[in-house]
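Chain by chain, the residues run as shown.
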Amino acid sequence: MNRDLYAIALNNALKEIKKAYPEIHHSFIFSNESNIIAADTETDQETMTYILESFETLKEDSKAIGNIKSFQLVGKNGKIMLVNIDDMNLVLKTSKNMDNTHIYSVTNIILPTILKTLEAFTPTHLQPAPPEQKETNHKELEVDTLSGFFAGDSVQIDTEILTAWNINDDPRERVRAALTGEKIVQEPVENVKIETLDGNSTLCKVKEIDDQKLKGKNIIRIPEKLCKNLEINKGDLVKVQPM
Amino acid sequence: MTKNKNENLQEKLQEIKDKEGIIGYILRDEKSASIDLKDPKKIIEYAMLSSTAFDVGLNISEDLQMGELETILLESEETKLLSMNIDEQRLSLFMEKNVNHEKIYKELT
């Protein structure tokens, strides 16, 4: 299942939940970074933005009691609820008479199960990858030294590796793009972190390898001065990660 | 608000605040505020949160046509804030998460 289908599936899930519980008038899901992930068809953008902004204000002042896990407002004509599920937030606007056990079923059982199931079928998780997972983005490359007047300060890497790193793999961006029809902006990798086996590391600018003979050899060309600073030589292996 | 009603509410709050898990309360009207919190260092932070919760609640209920605001419940991992309008006063009750807030609400209304 790709991310576009994920967004469709989540929208359909909200639609079906609404059918099962007619007391739900509006529902949408947004991430902890305030990106709208899915919404039922009757909830307009203006309402969602308004609610998001209100919760942002509340989140700031709620630090006194810790991170908000849920918010419920009861008015004479209805209820509004926000429930945090991992790094997602579900917002429901319901009639005042909606049974609390039904609300609990939706917020604590049905939707978390749907999210977990969908994530099991998606190639990338919705949660931001923990540091060790991000490490899988790194490449182990062999050092080749760059010398001469035009060596500059940038390291050089194969075009294919840079292109693979260019792909915007933030799942929220992809889901949002699927919902809004916006194009995903692919940001080129401009900097990399180089880490030696001895644990020395540095950040530096990166370019494509310009020497045709050296392309496709899984190497990183590093200016001599930088090699000295990192205490590495030609033929050593280093870990390289896009930043 | 009549004196009797006010006295009655104050009495109830005195009883509630001694219950297990109750952190304290902030009661405000247009002219005055009475605050009783177990940790006085948090008075400012809690007062700001109470005020923001009411502002956000009132704005949402007005703009989304939810009618007159009855209660606001905000929960974090360990703490709950129950806010409500009682007559012409704004009450914010802070409590531990395991406290039955519905029971407290019934006692107050």
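Whatever comes next refers back to the structure up there.
This one's a predicted model, so the numbers in the text were calculated from it and none came from an experiment. (Residues numbered from 1 in each chain as written. Chains lettered and ligands numbered in written order. Predicted model: local features only at pLDDT ≥ 70, side-chain atom pairs only at ≥ 80, totals over all residues.)

A.B. asks: I keep staring at the interface of chain B and chain A and nothing clicks. Help me out?
C.D. replies: When the parts come together, some accessible area is lost, and that loss is often what is quoted as the size of the interface. On the chain A side, the residues contacting the 30 residues of chain B number 23 residues. Those elements giving two or more residues to the side of chain B that touches chain A turn out to be helix 2 (43-63), strand 3 (69-76) and strand 4 (79-86) of chain B. It is helix 2 of chain B that contributes the most residues to the side of chain B that touches chain A, twelve residues altogether. Each residue belonging to the side of chain B that touches chain A can be placed in one class, and the counts come to 13 nonpolar, nine polar and eight charged. Relative to strand 3 of chain B, strand 3 (residues 68-75) of chain A runs antiparallel, the two sharing seven bridges. Among the inter-strand pairings, A:Gln72 is bridged to a residue of strand 3 of chain B, identified as B:Leu73. (Contact = placed C-beta atoms within 7 Å. Helix = DSSP H or I, 4+ residues; strand = E, 2+ residues; numbered from the N terminus. Nonpolar A, V, L, I, M, F, W, Y, C, P; charged D, E, K, R; others polar. Pairing = 2+ DSSP bridges.)

A.B. asks: Got a minute to help me understand helix 2 of chain B in this structure?
C.D. replies: Helical geometry: 3.6 residues make up each α-helical turn, so side chains three or four residues apart lie on a common side. Residues and elements named next belong to chain B. Spanning 21 residues, helix 2 covers 30 Å between terminal C-alpha atoms, matching the ideal 30 Å at 1.5 Å per step. If you check which residues of helix 2 are buried, you get Tyr46, Leu49, Ser50, Ala53, Val56, Gly57, Ile60 and Ser61. Buried residues in helix 2, looked at end-on, bunch into an arc of 140°, giving them a common side. At the C-terminal side of helix 2, Gln65 shows a positive phi close to 50°. (Expected span 1.5 Å × (residues − 1). Buried ≥ 20, exposed ≤ 12 C-beta atoms within 10 Å, placed from the backbone. Arc of directions from axis to C-beta.)

A.B. asks: Would you take a moment to explain the environment of A:Pro188 for this structure?
C.D. replies: All names here are of chain A. Looking at the secondary structure, you find Pro188 in the loop between helix 6 (171-180) and strand 8 (191-196). Take Pro188: there are 10 C-beta atoms within 10 Å of it, and that puts it in the exposed class. It is 9.8 Å that separates the C-alpha atoms of Pro188 and Pro242, two residues lying 54 residues apart in sequence.

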